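A structural walkthrough
Take a look at the letters that make up each chain.
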Amino acid sequence: MTSTTAEVAALSDDDLPVPMWRQRLKIFMGNKLAIASCVYVIFITLACFLVPHLHPTNQTNQAIAFSTPQSQPPSGAHWLGTDSSGFDVLGRIFFGGEYSLTLGFLAGFITIVVGTLYGMISGFLGGVVDTAMMRLIDAFLSIPYLFLLISLITVFGRSTVFLIGIIGLTGWWGNARIIRGDALLIRNLDYANASTSMGANKWHVIRRHVFPNSISNIVTVATFSVADAILFLSALGFLGLGIQSPETDWGTMLQSGTEQIQNGFWWEVFPVAVVFILVVVAINYIGDALRDAFEVRLIER
Amino acid sequence: MFSYILRRLVQSFVVLLIVIVMTFSLPYFQPHGILAPAFAVLGARSTPLNVHVWAVQHGLTQSYFVRLYKYIDQLLLHFNLGHSYKQSLSVRSIIALYVPRTIWLALSSLIFTVIIAIPLGIFQASRRNTVVDYAATGTAFLLYAMPAFLLCMLAIDAFGFHWPRFPISPPSGVAPWAIFTDPKAFILPVGCLTLLSVAGLSRFMRGTVLEVMVQDYVRTARAKGCGSRRVLWRHAFRNALGPIVTILGLSIPALFGGALIVEDVFNYAGLGVQTINAAITFDVPTVLGITVLVSIFTLLGNLMADVALGLIDPRIRIEGAR
């Protein structure tokens, strides 16, 4: 007993096992591009939520906008010019971003919560229940997503809350399938079996073993879900099925901007396009970096 | 092999039934009930009497189960998807009119995608972490993040106006073969759709080949003296083929989604444009009918991918038969 204590005391800090999460954080922090992506996403998110309040520009009053010169190139008064309705483009990027990001993050969050629950339950229960639940997912997945979104919008209308709900409650099918694969794998591993053999019930095994051990995949999948939600929302905005004027989101802005591009009004398209594409690229890249950080095989021992 | 195919066929049929029941039931969840489209369709003429007449005409007064039975029966035996609320046509004839155009668009870009993405992915994997690989990965990332419509719009702007090389709108005759009168007009729509799918597929192909390259049998092949070209094509490529075929099958819904956007931008009269118009005018049977149809295409695509997978990989064929 004493010798073990002495051995432990003799260990320096370097010999102590580094907690898993810290190793992962180190890998993630080592990825400079991922850090840059995080900084960018946080910066844009803060800007979208703060700028419209700190430096308000008229974005909703069409009467005032109508009396402003329309489609003006960038100037001192309007740093990125005005759009075809007379709204200030720079202010509108942040104003529209508030909608795009809120919808994207909320819808992404819903998809990951529902997908995780469904996948865990399906993978863990197994047998007939699993087969039935997965056939249902097969059915969902075989309806092309954009067509499904359009059908749902035709039927339910398109208020902001509905848009979040529709994307959130339909985007989780792929996630559920990934999480279910994880759950299926983990519940057959030794530690899960040991827990069951010691009398743990299914709920305990899910909560204490399956969920914590698939958290890495859940986080990664969640990141991609947010990016996809933002992209699908923009597609709906483009098709004219998104947020209604004078409110706007990036997709709707891109749509009205691209109508002007042939007149050479580049400021109505490219600034918002760059901000938008970089947000999606950054979120996807963060997802990739997280996946690398969580990949156990890559962790040096 | 036969029992494997049969089993997949039965599975697909079950999935198809679920899809049909789901799409059929959707209008019942409308906030204003199943008669909601009546007000949009009849407009100012929507008196209670007119709404009732309209409902009787479209068989909406029958009970849910009677309608469901009739819908499935008509769909499966006669491919009859009901009548459009807005156009004086059956949904089947609308589909028959526009489906060849969409198939042509989707199929040709699928073929180009396979021709470009698979060699590109292998090439990237064999030159991993070189400038070429980084450039291709970066481009794919950017294309993946770019909304489809933006890419199309930029292509129109660049090749239609600033550097006018290609016609930007395909011929819009009603006859199915009218679209072939101006083949050059296809370059932009097909090109955009291809680029969009290449972005995802080449990235996947690169990852799969990289994963295969670290397997033991590749090392063995190297150890016994295989040239790197032979290792790449005979060992790595053949083993990466399975996941690729699966992902191609699974990518069909995205392909139709992309086709919808491309059709809308280029004003290419196909199923996608019909869907959007129907959605805007609350033409529920048309939207749902086209959705069921593209789902059937997806299921067929998945089925073909599974059969191809069985042909490629004997393990699946044997295990699937059990």
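This structure is a prediction, so every number in the text was calculated from the model and none was measured. (Residues numbered from 1 in each chain as written. Chains lettered and ligands numbered in written order. Predicted model: local features only at pLDDT ≥ 70, side-chain atom pairs only at ≥ 80, totals over all residues. Heavy atoms only, no water.)

Looking at chain A as a whole, the pLDDT averages 82, with 92% of positions reaching at least 70. For chain A, per-element mean pLDDT is lowest for helix H1 (residues 2-10) of chain A, which scores 56, and highest for helix H3 (residues 32-54) of chain A, which scores 90. (pLDDT = per-residue confidence, 0-100. Helix = DSSP H or I, 4+ residues; strand = E, 2+ residues; numbered from the N terminus.)

Together, B:Lys224, B:Arg230, B:Arg234 and B:Arg238 line one region of the surface with positive charge. With a relative accessible area of 52%, B:Arg238 lands in the exposed category. (Patch = residues over 30% accessible without salt bridge, like charges linked within 9 Å, V, L, I, M, F, W, Y side chains within 5 Å. Areas by Shrake-Rupley, 256 points an atom, 1.4 Å probe, with all protein chains shown as cover. Salt bridge = Lys/Arg side-chain N within 4 Å of Asp/Glu carboxyl O. Lys, Arg positive; Asp, Glu negative; His and termini not counted. Charge placed at Lys NZ, Arg CZ, Asp CG, Glu CD. Buried < 20%, exposed > 50% of the residue type's maximum accessible area, 1.4 Å probe, protein only.)

Secondary-structure assignment places A:Ser151 in helix H7 (residues 145-156). The contacts of A:Ser151, once residues within four sequence positions are left out, are B:Leu26, B:Val287, B:Leu288 and B:Thr291. (Contact = heavy atoms within 4.5 Å.)

Here chain B averages 84 in pLDDT, while 95% of its residues score no lower than 70. Model confidence for the complex: the whole-complex pTM is 0.83, and ipTM, which rates the interface, is 0.82.

Looking now at the packing of H7(A) against helix H13 (residues 284-312) of chain B. Each packed pair of helices is defined by two parameters, the angle between the axes and the distance between the axes. The contact between H7(A) and H13(B) brings their axes to 10 Å, and the two run at 160°. When the interaxial angle is binned, H7(A) and H13(B) end up roughly antiparallel. Viewed along their axes, H7(A) and H13(B) form a crossing whose handedness is left-handed. Here A:Phe147, A:Ser151 and A:Thr154 of H7(A) lie close against H13(B), whose contacting residues are B:Val284, B:Val287, B:Leu288, B:Ile290, B:Thr291 and B:Val294. Looking at the contact of H7(A) with H13(B), its residues break down into 6 nonpolar, 3 polar and no charged. (Axes fitted to C-alpha atoms, helices over the stretch in contact; angles between N-to-C directions. Parallel < 35°, antiparallel > 145°, perpendicular 65-115°, else oblique. Left-handed = near helix turned anticlockwise from the far one by under 90°. Nonpolar A, V, L, I, M, F, W, Y, C, P; charged D, E, K, R; others polar.)

In this assembly, 41 residues from chain A lie in contact with 48 residues from chain B. Between chain A and chain B, the buried area comes to about 3,900 Å², and carbon and sulfur atoms account for 80% of it. The largest per-residue losses of area from chain A upon contact with chain B belong to A:Phe147, A:Thr154 and A:Phe238, which jointly make up 18% of the total buried on that side. At the boundary of chain A with chain B, the tally comes to 1 salt bridge. For the salt bridge of A:Asp288 with B:Arg203, the shortest nitrogen-to-oxygen distance reads 3.0 Å. Between the two partners, chain A and chain B, sit 4 residue pairs in polar contact (both at pLDDT 80 or more). (Buried area = accessible area lost by both parts, 1.4 Å probe. Polar contact = N/O pair within 3.5 Å; in protein donor to acceptor, adjacent residues only side chain to side chain.)

So, about a nonpolar patch on the surface. All names here are of chain A. A cluster of nonpolar side chains, namely Phe 109, Val 113, Leu 117, Ile 121, Leu 125 and Val 129, defines an oily patch on the protein surface of about 510 Å² accessible area. Here the nonpolar patch gets 5 residues from one element, more than from any other, and that element is helix H5 (residues 89-125). Relative to the elements of secondary structure, Leu 125 occurs in helix H5. Leu 125 gets classed as partly exposed once you look at its relative accessible area, which sits at 38%.

The next point concerns the pattern of salt bridges. Here the structure, examined in full by the defined rule, presents 8 salt bridges over all chains. A salt bridge links A:Asp130 to A:Arg180, with the shortest nitrogen-to-oxygen separation between them at 2.7 Å. Taken together, the residues A:Asp130 in helix H6 (residues 127-141) and A:Arg180 in helix H9 (residues 173-187) connect sequence positions 50 residues apart. Judged by its relative accessible area of 7%, A:Asp130 falls in the buried class. B:Asp133 is paired through a salt bridge with B:Arg206; the nearest N and O atoms lie 2.9 Å apart. One end of the pair, B:Asp133, is in helix H6 (residues 131-145); the other, B:Arg206, is in helix H8 (residues 187-213), and 73 residues separate them in sequence. A residue is classified by how much of its surface remains accessible, and B:Arg206, at 17% relative accessible area, is buried. One salt-bridge network, held together by shared partners, links A:Arg135, A:Asp138 and A:Arg177.

What follows deals with unusual backbone geometry. Most peptide bonds take the trans configuration, and most residues that are not glycine carry a negative phi. All names here are of chain B. One non-glycine residue, Asn 267, lies in the positive phi region at around 55°. With respect to the helices and strands, Asn 267 occurs in the loop between helix H11 (252-266) and helix H12 (271-280). Of note, Phe 282 is a non-glycine position whose phi angle comes to about 60°, a positive value. If you trace the backbone, Phe 282 turns up in the loop between H12 and H13.

Bringing the packing of aromatic side chains into the picture now. All names here are of chain B. Under the definition given, this model contains 20 aromatic pairs over all chains. Both rings, one in Phe 24 and one in Tyr 28, keep their centres 6.0 Å apart while their planes meet at 50°; by these two values the pair is tilted. Taking the relative accessible area as the measure of exposure, Phe 24 reaches 5% and is therefore buried. With centroids separated by 5.7 Å and ring planes inclined at 15°, the aromatic side chains of Phe 256 and Phe 297 adopt a geometry described as stacked. Of this pair, Phe 256 sits in helix H11 while Phe 297 sits in helix H13, placing them 41 residues apart in sequence. (Phe/Tyr/Trp six-rings, centres within 6.5 Å; stacked < 30°, edge-to-face > 60°.)

All names here are of chain B. Looking at helix H3 (residues 48-57), one finds that the buried residues are Val 51, Trp 54 and Ala 55. Seen end-on, H3 carries its buried residues on one side only, within an arc spanning 100°. In H3, the exposed positions that point more than 90 degrees away from the buried face belong to Leu 49 and Gln 57. Buried residues belonging to H3 abut helix H2 (36-42). Gly 59 lies just past H3 and shows a positive phi near 70°. (Arc of directions from axis to C-beta.)

What follows is about the nonpolar core. In this structure, A:Trp250, B:Val265 and B:Phe266 are the most contacted members of the largest nonpolar core, which totals 140 residues. Take this core: its biggest share by element is 15 residues, from helix H13 (residues 270-294) of chain A. Taken domain by domain, the makeup of this core includes at least three residues from each of domain 1 (31-80) and domain 2 (93-321) of chain B. The contact partners of B:Phe266, leaving out residues within four places of it in the chain, are B:Cys152, B:Ile156, B:Ile168, B:Ser169, B:Pro170, B:Leu188, B:Pro189 and B:Cys192. B:Ile122, B:Leu201, B:Met213 and B:Ile244 belong to the second largest nonpolar core, which has 21 residues in total. (Core = buried A, V, L, I, M, F, W, Y, C linked by side-chain atoms within 4.5 Å. Domains from an automatic or database assignment.)

With that settled, the discussion passes to the side chain of B:Ser202. As for its placement among the helices and strands, B:Ser202 is situated in helix H8. With near-sequence residues (within four places) excluded, B:Ser202 lies in contact with B:Ala117, B:Leu120, B:Gly121, B:Gln124 and B:Ala140.

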